[in-house]
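Structural overview
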Amino acid sequence: MKKICRFLVLGSTFAVLAASGLAKEAPIPQLVKQDGRFALLVDGAPFLILGAQCHNSSAWPVLLPKVWPAIDYLHANTLEIPVYWEQFEPEPGKYDTSIVDLIIKQARERKVRLVLLWFATWKNGSSHYIPLWAKAQPEKFPLITGKDGESVDSPSPHSAAALEADLSAFCAFMRHLKQVDAERTVIMVQVENEPGSWGSVRDFSPAAEKLFGEPVPGELLKALGTNAPVGANWTTAFGADADEYFHAWSVARFIGQVAAAGKKEYPLPMYANAALRDPLTPGPASTYESGGPTDNVLGIWKVAAPALDLLAPDIYQHESARYLKVLELYARPDNALFVPETGGPAGYPRFCFAALGRGAIGWAAFGLDYTSYSTEPQGAPRMTGEALAPIALNYKILEPMMREVARLNFEGRLQAVSEEPGQARQTLDFGSWKAVITFGAGGRNNSTGGNATPIGRALIAQLGENEFLVAGVYGKIDFTSITGRKRSFRRVEEGGYENGVFQPVRIWNGDETDWGLSFFSAPQILRVVLSTY
Ligand code: DGJ
C-alpha cells in the first residue's frame, strides 16, 4: 500500500505543479511492480493502454489523415505506430525527425498517447527496414546462413557493425524524443518488431559456428538452473534445444544492447514483441519464428536483455484455449502482460477483458486505420464501422475509467473475464461475495446457454466490503453472499468518471435490477452497493 500512496502523491504533486504553471516536465513513464502486479505509470499514475496499431506503411504524412479518424472512432487512448529506420536515417549519421515530430504533434492535438515501434534491424524476422545505404553493404549487414549454406532473409545478430549502426540510430531517436517530448506523449517504445528468423533456426555462418562452439555464458546457465558444468558449450548444455537457445540469446543480446543504449539517452519503458509459437502444441523451432521472445525462451531473453521492461505476445490465435494460454504464459512474476498486437476481426475483441483479468497493462489490436490495406484474416477484412465497432465497444466502456481500472488492477482488486465457449456462466471470488456472470442472459431471460457466438465481457472491482464497480456487455451479473443470506441491491448507480470521481447519472431499480444487472450492447458503468437479508 505504501508504494501506491507514493505513486499517487507523485501524480497529485505533478497535477498541483501543472495547475500552477510551474511544471514543464511530466514524470517519465515507468513500469512498476508491487506484490507481483504491474502498472505502467504515466504522469505518475497507473495508465491502461487501450490501443490500436496502424498498418505497417501508414506512418507517412500523406496517410495520417486516414489513421486518426479510426483512432477517434475507436476511443483508443494510444496509437501504436512505426518509426522506420530507412526513413529516419536516410544517410549515415543524418537523421530526419520530421515524421516523428508530426506524429507527436498530431497525437497531442487529439490527446492520444503513442507507443512508437522501432522498425530497424528486425521486422517480422527480416531486415527490410534497414536504410538503403545499409542494404548496399551486405558485408556489414549480413543475412544469416541456413544449415545447408543457403542465404536466409533474416539479419545476422552477430555483426558488430550492424549492431553499432542500429544502436547509434536508436540513440539519436531516443535523444530526440527526450528533447521534444517533455509532455510524455510517447509512453513506451518497442525495440525492433517480431525479431528472430523464419527459415532457419539459427545462423550457421562460419562466424556463428565459432560462437556456437564456445562456452555458454555462465550467467545464462545459472539463470536457467541447468545441470550443465561451467564451460559447457551450447550442444552439451541444451542438447536438442541448443540451436534455438543460441539464436534466442544472440538476438536478445543484440536488442538488449540497443535498448540499453537508448535508455541511457532517455529511459522510457521498452519492450520486444513475439511472433508466437503454438502455446499448446508448439512443434519444433523450425516451424515458428526462432530466436524471438517465444514462451519457451522468455528466461533467456530476461538474462540477455535486461534493459527491456517486458516481452509481449502478438496474439493472432483466436481459439479460446490458445489465446488464454498465451495470456497465462506471458503474465509472469517477472513479466508484465501487455498485448501490443492482436487480431482485429470479430472473435478477438472480447479477449481485451480476459487480458485485463490477468493484470494486463494494455491491449491493442492490429491494422486499425482507414488506409486501403487489410491483413485478413489477421486484421479486419474491411475497415468499416462494422469491423471496428466491437473494439470500440471495449474502449467506450474502459476509456472513461482507464485510470481507475489500471489502479484497481495494480491493487489486486479487479477481476475481468471474457465469454468463452462452454463457459457461459462464470463465478468470481471476492471473499465475502461471489460475482456470478451469466453470458447471453438478460432481463427476465435466465438462459445459461451463452450468446450465439462468444462476445460477452465483464469487469468487476471491489471498492469496499460491500461495494463494487461493475461493467460488461451481453450478459447478466449478480452477486451471492457466502453467509448464505440473500443478496439485496442497496443501491445501483449508473454513471461515468470525471477526473477520477464517479459521477452518477441515474439509479437502476425495478426491471433493471430485479433479475440481476443486465448488460446488452451499451457501454454502461455501475457502482453497486450490496447488503443481505
Ligand atoms: C505481426 C507484425 O508484427 C505486424 O507488423 C504485421 O506484420 C502483422 N503481423 C500483420 O500481418
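Let me begin by describing the structure that accompanies this report. (Residues numbered from 1 in each chain as written. Predicted model: local features only at pLDDT ≥ 70, side-chain atom pairs only at ≥ 80, totals over all residues. Heavy atoms only, no water.)

Helix and strand counts for the protein chain stand at 16 helices and 23 strands. Relative to a compact globule of 533 residues, whose C-alpha radius of gyration would be 24 Å, the protein chain shows 24 Å and is just as compact. Summarising its shape, the C-alpha atoms of the protein chain cover approximately 75 × 55 × 50 Å along the three principal directions. With 533 residues in all, the protein chain has 57% of them scored as buried. The long-range fraction of contacts in the protein chain, counting pairs at least 24 apart against all pairs at least 6 apart in sequence, stands at 73%. Of the accessible surface of the protein chain, which amounts to about 21,300 Å², a share of 53% is contributed by carbon and sulfur atoms. (Helix = DSSP H or I, 4+ residues; strand = E, 2+ residues; numbered from the N terminus. Rg over C-alpha atoms; globule rule 2.2 N^0.38 Å. Buried < 20%, exposed > 50% of the residue type's maximum accessible area, 1.4 Å probe, protein only. Contact = heavy atoms within 4.5 Å. Areas by Shrake-Rupley, 256 points an atom, 1.4 Å probe, with all protein chains shown as cover.)

Core analysis: the largest hydrophobic core is formed by 145 residues, its most contacted members being Phe173, Leu177 and Trp301. When residues of this core are assigned to their parent elements, the largest contribution, 12 residues, is made by helix α10 (residues 242-265). The residues touching Trp301, leaving out its near neighbours within four places in the chain, are Pro195, Ala248, Val251, Ala252, Ile255, Ala272, Gly291, Gly292, Pro293, Leu308 and Leu311. Core analysis: the next-biggest nonpolar cluster, separate from the first, contains 21 residues, Leu428, Trp433, Phe519 and Leu530 among them. (Core = buried A, V, L, I, M, F, W, Y, C linked by side-chain atoms within 4.5 Å.)

Time to look at the sheet that holds strand β1 (residues 30-34). Taken together, the 3 strands give an open sheet; going across it, the order is β1-β2-β3, and neighbouring strands pair in antiparallel fashion. Either end of the sheet is taken by a strand with one partner, and the two such strands are β1 and β3 (45-47). Neighbouring strand axes in the sheet, compared pairwise and without regard to direction, differ in orientation by 55° on average. Sitting on the sheet, helix α15 (residues 402-410) touches β1, β2 (37-42) and β3, and the angle it makes with β3 is about 105°. (Pairing = 2+ DSSP bridges. Axes fitted to C-alpha atoms, helices over the stretch in contact; angles between N-to-C directions.)

This structure, assessed with the given rule, holds 4 cavities of 30 Å³ or more. There is about 60 Å³ of room inside the largest cavity. Lining the largest cavity are Thr121, Ser127, Ile130, Phe141, Pro142, Pro155, Ser156, Ala162 and Phe254. Of the pockets and cavities examined, the second largest cavity occupies roughly 50 Å³. Every residue along the wall of the second largest cavity is listed here: Phe38, Ala39, Phe47, Leu48, Gly359, Ala360, Ile361, Ala406 and Asn409. Partitioned by chemical class, the residues of the lining of the second largest cavity number 7 nonpolar, 2 polar and no charged. (1 Å grid on protein atoms, 1.4 Å probe; cavity = no way out; pocket = protein on both sides within 12 Å on 5 of 7 lines; lining within 4 Å. Points joined across faces, edges and corners; volume = space filled by probe spheres on them. Nonpolar A, V, L, I, M, F, W, Y, C, P; charged D, E, K, R; others polar.)

Extensive coverage of strand β14 (residues 414-418) is indicated by the burial of 4 of its 5 residues. Pairing of β14 with strand β17 (residues 457-464), which is carried by 5 bridges, proceeds in the antiparallel orientation. Bridged to Ala416 within β17 is Leu459.

Looking now at the site of the ligand. Around the ligand, the surrounding shell consists of Asn56, Lys123, Asn124, Asn193, Glu194, Asp314, Tyr316, Glu341, Phe366, Thr375 and Gln378. Take Lys123: an N or O atom from its side chain is 3.0 Å from an oxygen atom of the ligand. At 3.3 Å from an oxygen atom of the ligand is found a side-chain nitrogen or oxygen belonging to Glu194. Given that more than half its atoms are within 2 Å of the pocket grid, the ligand belongs to the second largest pocket. (Near = heavy atom within 4 Å. Polar contact = N/O pair within 3.5 Å; in protein donor to acceptor, adjacent residues only side chain to side chain. Sits in = over half its atoms within 2 Å of the grid points.)

Attention shifts here to the side chain of Gln524. Tracing the backbone through its elements, the reader meets Gln524 in the loop between β22 (517-519) and β23 (525-532). By relative accessible area, Gln524 is classed as buried at 13%. Those residues in contact with Gln524 that sit more than four places away from it in its chain are Val470, Ala471, Gly472, Glu494, Arg506, Trp508, Ser518 and Phe519.

In this section: helix α14 (residues 385-398). Under the 1.5 Å per step criterion, the end-to-end length of α14 is 19 Å for 14 residues, consistent within 8% with the ideal 20 Å. Within α14, the axis deviates most sharply at Ile391, by approximately 35°. Of all the residues in α14, the buried ones are Ala387, Leu388, Ile391, Ala392, Leu393, Asn394, Tyr395, Ile397 and Leu398. (Expected span 1.5 Å × (residues − 1). Bend = angle between axes of the 7 residues up to and from the residue.)

Here we take up the layout of surface pockets. Estimates place the volume of the second largest pocket at around 420 Å³. Taken together, 24 residues line the second largest pocket, and the ones lying closest to its centre are Asn124, Glu194, Tyr316, Glu341 and Gln378. Among the residues making up the lining of the second largest pocket, the classes are represented as 8 nonpolar, 12 polar and 4 charged.

Judged by pairing direction, the sheet is parallel, and its 8 strands sit side by side in the order β12-β11-β10-β9-β6-β5-β4-β13 without closing on themselves. Across the chains shown, the open sheet's two edge strands, defined by having one partner strand only, are β12 (341-342) and β13 (362-366). As defined by bridge partners, strand β10 (residues 270-275) adjoins strand β11 (residues 310-315) across 5 bridges and the pair is classed as parallel. Paired with Tyr271 across the two strands is Leu310, which belongs to β11. Packed onto the sheet, α14 meets β4 (49-53) and β13 and runs at close to 155° relative to β13.

No statement about biological role is implied by the geometric values presented.
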